[in-house]
Each structure stands twice: as structure tokens, then as C-alpha cells.
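In case you want the letters, here they are:
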Amino acid sequence: MQRLRELIEVARGEREPDVVLTGKILSVFTGEVIEGDVAIYGNRIAGIGEYGGKRVETDGVILPGFMDAHMHLESTLLSPSEFAKAVLPHGTTSVFIDPHEIANVSGTKGIEYIYNSTRNLPVNFFLTVPSCVPAIKGFETYGAELKSEEISEILQWEGVVGLAEMMNFPGVIYGDENVLKKIEVASHKVIDGHSPGLMGNQLNAYISAGIISDHECITAEEAVEKVRRGMKIMIREGSVAKNLSELIKIVNESNLENFMLASDDFLPIDIEKGHMDYRLKLCVENGIKPELAVKMTTINTARYFRLYNFGAIAPGYIADIVIVDNLNSFNVKMVIKDGKVVWDGKLRVDFVSSNPPQEILNSVKVPEIEENDLKIEAESRKVRVIELIPGQILTKKVEVELIPENGFFVPDGERDIAKIVVVDRHGKGKKIGKGFVKGFGLKKGAMASSVSHDSHNCVCVGMEDRDILAAIKRIEEMQGGFVVADGGVVAELPLPIAGLMSDLPWEEVKERLEKLHEVLKELGVEIEHPFTALSFLSLPVIPELKITDFGLIDVNIMSFVDLWVAE
């Protein structure tokens, strides 16, 4: 009560603020830029107008702290503290995270690690509870299961704002009891969606369950239909899935309140470009007025998640503030978190790191395999092949004739067809899915990863079985990571935290990832983020053709299909 009374006194001008920012202030409510003071007391903004006290001349534009509406912290490959260090200089003060990657590996223990290790960092980590752990049953080996009872309990934790993306949209539409239980226990919170390509009455059924957002739109037509039905659209611009330039076409002043900006899956190699500051620049480059773009990464996001004292420079709001040079380049000059300067060209705050429990550091349990286990018998001349779509996590299903060698199918470098292998890493048996993929450009060697959405089994693409085997074995030795092998291991990035995240400084993670990309380029790979592209090839809820340790899946019909095409 006393602190509130003092805040009001500061607002009235009868008590001195802790600090007064002076400069140009963007109002996210009117779109105006006004000259004035921002009075800060404690962690709150007391008022805007004219105030006395300790003054900081900003020589820029004062904005609310930037918010990422949907992301998977694990996909950055960074520990929570290193991620915060990396994005804070770019004006990010809040992120809304879905820890379903680590939940699929380590269950509630993994969620607890993420939750506990983000509590005392100078970035707000608002948690949404994973809704689909595993992503879908019966199609792959998974490490853990999260039921409605666990979800209900986690929803009570402080800072938990909702239920994360409901990927099992068929379960929603056709009334799967377990899916509906999860929705029911979260009905008092925000429920995020995940419904790629869903339209018409099926979309109506999905929304009627109380799911009110989507970040999977890839066409303007799809986004318009979802907005018409009351959904909020998170415009995704990730490291691989880049949808901003397409979706931004439909944003205007009349419908702006229905849009937010999100990264979803974001790699440290892209941090040089920026985080949400970079996405703001892209909006302006694509014709959106800067004052409207700022709303999509501040007040719109805060209101969607029912955080009514975040996302604006206004009396009573949390003093999470970014000062930029102008509203075109959005170059960050200063970041204020909870009323304190945390970055002004240098980080001015301590970062507390947490040690993961041992079980999370020993999560990769690959079965004993040898080269013969990786061979693919030629049962016909034609096979189903996964084809990458540049810039998307969707794939195409194509049929290709291969010429057998000694009764076995082998990769064909001239036609850009490599072997893909997925191996159970949860210690639940010797399960190996084998197939072919087109689009990496790999000419020799192999690349392997323990990051493969969403169950995170070991996935490897290669041209020679010996290199595939070497890469997978090295993954287990490191207890997770990225590996490139070519007659032996030639580059690697250890990811020992659940086989998903590094314990190294973010700059070193970036450097090692760049080295991996350089080596892969020498082996013929030209795509921008090869390990991220690889990680989505085993996700059996994103069309069209995917592969898990159980085999090849046609996602359009949600059914296993033979690798071989009957003649």
C-alpha cells in the first residue's frame, strides 16, 4: 500500500521520481510521437508530461520493451541466461515461451528447469504450458508424457500465462477426450493454437474450443480467414519459417489489433541481425507504418496475454523501456528493465545461471547400431522421397526412381538425394526409421542432430553409412549436439542440456554453429540453416511427408506409408 501511495505522489508531481527520461515518446494508444518526460519510480512508470528530478536525455524515441509473442527457448540452443544476454541489447524485455521441446525429453523435470532458471533474469520469461507432449502418440518414440493433471498444476505457477500451441488439431476437431481435458483445465487462461492450413468448418470447430491464436499461417488467404473468425495471428519470422513478408500484406489500421510478431524457432547465428528489433525493421521495409509495427510487438502482445500493465509508456505500466535512434532503423541505444538501466552499450546487470539436474544432462541413450542396420533393401525401383521447401518447415512428397546397388538403395548426389535416418534416443529400444530426402545439396559426408521436433530422437542425413554411423555415435558421446562427419568427425557443437541446449557462452555457440555451416557448405549444402531444416523432418504434425524412428509418415492422411512405391 505504501509503495502504491508513493507512486501516486510521484505521478502528481509531489514526490521526486527515481529517474526522468526526456525525449520523444511513442504512444501505442494513439500512434503519436510526443515530446515530454517519462517519470519512473521503482519498477513503474509514474507518468508522462513534465517532471523534475534526476534526468536522462535520451536523444531518441522512447518505446515500450519489445515482446516475442511465441518462441521455443530450446530452439535457440542457448541456456536461459545466455539467451537473455544475447537479446537484451536488442530491446527484448519479454518473451512468451513454450518449453515443449525439453518437456518431450524430460517431462515436468525439464519444465521445472526452464521455469526455475528464468526466474531471476533481466528478461521476463512468461511460460505457456506444453499442450502436446508427445506431439502425437503412436508415431514415434517419445521421452515423456504430460497429462491434463500435470498441466493443471503447472498452470498455477506464477508467471504461467496459458496453454501452449495446441498442435493436435484433429484431436480438437473430433473431440479426443484427453485433448479436451487439457483445454478444459486451461479454459481460464489464454490457449494458443497451431493449425496450419485449417480452413472452413474444421477451423470453426477448432476455434469453438476456445483456441484463439495461430502462428502457423503461411498465406495471406489463410490468415484473413482466421482473423475473420476472431483469431489473433502471430506473424512468424523464424530462422527457417519466414512468413512476415507474405502475411504483413493483410495488416492495416482496421485489423492491426489482431496481429503480433513472433520468432518461434530462432538461432543464435541470426542474433547479429537482431531479435524483435530486426522484425520491426522488416515490417517497415514491407510498408507498415512504424508506429503500427511497434504495437504488434508491445501492447497487442501484452493484451493478448492479459498483461494489462505491460506494453506501453503510460502511467502505472511496468517500466520496461527501449530507446531507439529512430522509427525506421530501430537501432537500440538503451534498455531499461523494471526501472533500471540494464544495457546502454554495455550490459549493466548480473545474469544468474542455473545448473541443470543430472538426469537432464544424461538424456541421450542411443541403441547399439552398426552399418548393416542403416542399409535400405530395394523392394521396388521407385521410392517416396521427402523434398524440402526453401524457407518453410512444410515438405513435399515426391516419388523417385533409384538404381539399386547390390540389392540396396543408396543416395544419389547428382540428383540431390541423400539418406535420412532417425534413431530412438530415449533408451526404449532399437528403432530406426530410414528413408531419403531431397534438397540439402549434400555431396558427401553426413550431418546429425539430437534436436528433432518434437520428440528429439537422433536424426541424420548422409551420403555414406559409415559417416552416418560416426555422426550418431558422436551425438551419444557428447550427450547431444550437432555433428558433421566426413571420414570422421570434422565439426561439432555439444548440446548437453537435454540434448537441446548448450552450456557454452552464446558467442561461442554462434561461432561453432557458423563453423558447422562452413564445413557443410564445403560438402555441398547451400540452404541457410541446415540443422534447423533437419530438425523439422521428423515432426509428424506438419505436412506433407515426414519420418520418425517408426518410419515414413504421410501427414496429410496421418498414416504410415511404405518407403517403396508398389509397381
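Residues numbered from 1 in each chain as written. Predicted model: local features only at pLDDT ≥ 70, side-chain atom pairs only at ≥ 80, totals over all residues. Heavy atoms only, no water.

With respect to the packing of aromatic side chains
Stated precisely, the cut-off is as follows: Between 30 and 60 degrees the pair is tilted, below 30 it is stacked and above 60 it is edge-to-face, where a pair is any two Phe, Tyr or Trp rings, Trp via its six-membered ring, whose centres lie within 6.5 Å. In DSSP terms, a helix is any run of H or I states spanning at least four residues, a strand is any run of E spanning at least two, and both are numbered starting from the N terminus. With a 1.4 Å probe rolled over the protein chains alone, any residue whose accessible area is under 20% of its type maximum counts as buried; one over 50% counts as exposed, and the rest are partly exposed.
In total, this model carries eleven aromatic pairs according to the counting rule given. With a centroid separation of 4.1 Å and an interplanar angle of 5°, the aromatic rings of F96 and F305 are classed as stacked. Of the two residues, F96 is situated in strand 6 (residues 92–97) and F305 in the loop between helix 12 (299–304) and strand 13 (321–324); the sequence distance between them amounts to 209 residues. F305 sits in the buried class, given a relative accessible area of 3%. Between F550 and F560, the ring centres sit 6.4 Å apart and the planes meet at 35°, which makes this aromatic pair tilted. You can see F550 sitting in the loop between strand 26 (545–548) and strand 27 (551–554) and its partner F560 sitting in strand 28 (residues 559–560), a full ten residues away along the chain.

A short note on the pattern of salt bridges
Test applied: Counted as salt bridges are all cases of a side-chain nitrogen of Lys or Arg within 4 Å of a carboxyl oxygen of Asp or Glu.
Applying the stated rule across the entire model yields 31 salt bridges. Between R348 and D344 there is a salt bridge, with the nearest N and O atoms lying 2.9 Å from each other. Exposure remark for R348: the relative accessible area of 49% places this residue in the partly exposed category. Exposure remark for D344: the relative accessible area of 34% places this residue in the partly exposed category. For E508, the salt bridge goes to R512, with nearest N and O atoms at 3.4 Å. Within this pair, E508 and its partner R512 are both found in helix 15 (residues 506–522), separated by four residues, close to a single helical turn. Taking relative accessible area as the criterion, R512 reaches 28% and is therefore assigned partly exposed. A network of salt bridges, in which partner residues are shared, links K242, D270, K273 and E528.

Points about the domain arrangement of the protein chain
We count it as follows: Domain borders in the structure are assigned automatically or taken from a domain database. When checking whether two residues touch, look at their non-hydrogen atoms; a contact exists if any pair is within 4.5 Å. Put simply, buried area is the surface a 1.4 Å probe can reach on two separate parts but cannot reach once they are joined, added for both. Polar contact is the term for a pair of N or O atoms within 3.5 Å; when the atoms are in protein, one must be able to donate a hydrogen and the other to accept it, and sequence-neighboring residues count only if both atoms are side-chain atoms. Each residue is assigned to one class: nonpolar for Ala, Val, Leu, Ile, Met, Phe, Trp, Tyr, Cys and Pro, charged for Asp, Glu, Lys and Arg, and polar for all the others, Gly among them.
As far as domains go, the protein chain holds domain 1 (1–62), domain 2 (65–312) and domain 3 (359–560). Distance from the C-alpha centre of domain 1 to the C-alpha centre of domain 2: 31 Å. In this assembly, six residues from domain 1 lie in contact with nine residues from domain 2. Between domain 1 and domain 2 the total buried area reaches about 580 Å² when both faces are included, carbon and sulfur atoms providing 67% of it. Contact with domain 2 buries area across many residues of domain 1, yet L26, V28 and F29 alone supply 71% of it, more than any other trio. Taken together, domain 1 and domain 2 are joined by zero salt bridges. At the boundary of domain 1 with domain 2, the tally comes to one residue pair in polar contact (both at pLDDT 80 or more). Classifying every residue of the side of domain 1 that touches domain 2 by side-chain character gives four nonpolar, one polar and one charged.

Some words on empty space enclosed by the protein
If you roll a probe as big as a water molecule over the atoms, it shows you where there is empty space left. Selection criterion: Within this scheme a cavity is a closed region of a 1 Å grid, computed over the protein atoms alone, that accommodates a 1.4 Å probe without allowing it to escape, whereas a pocket is open but has protein on both sides within 12 Å along at least five of seven lines; lining residues each have an atom within 4 Å of a point. Grid points are joined across faces, edges and corners, and a volume is the space filled by probe spheres set on the points.
Inspection of every chain in the model, using the stated rule, returns six cavities of 30 Å³ or more. In this structure, the largest cavity spans a volume of roughly 110 Å³. Contributing to the lining of the largest cavity are 14 residues, with S75, L267, H453, T532 and S535 lying nearest its centre. No other element matches helix 16 (residues 530–535), which puts three residues into the lining of the largest cavity.

Looking at the state of the cysteines
As a reminder of what qualifies: Disulfides are defined in this document as cysteine sulfur pairs within 2.5 Å.
Evaluation of the coordinates by the stated rule reveals zero disulfides. C132 takes part in no disulfide bond, and the closest cysteine sulfur, belonging to C217, lies 17 Å away. Here C217 is not cross-linked by a disulfide; its sulfur's nearest cysteine counterpart is in C283, at 15 Å. Judged by its relative accessible area of 1%, C217 is buried.

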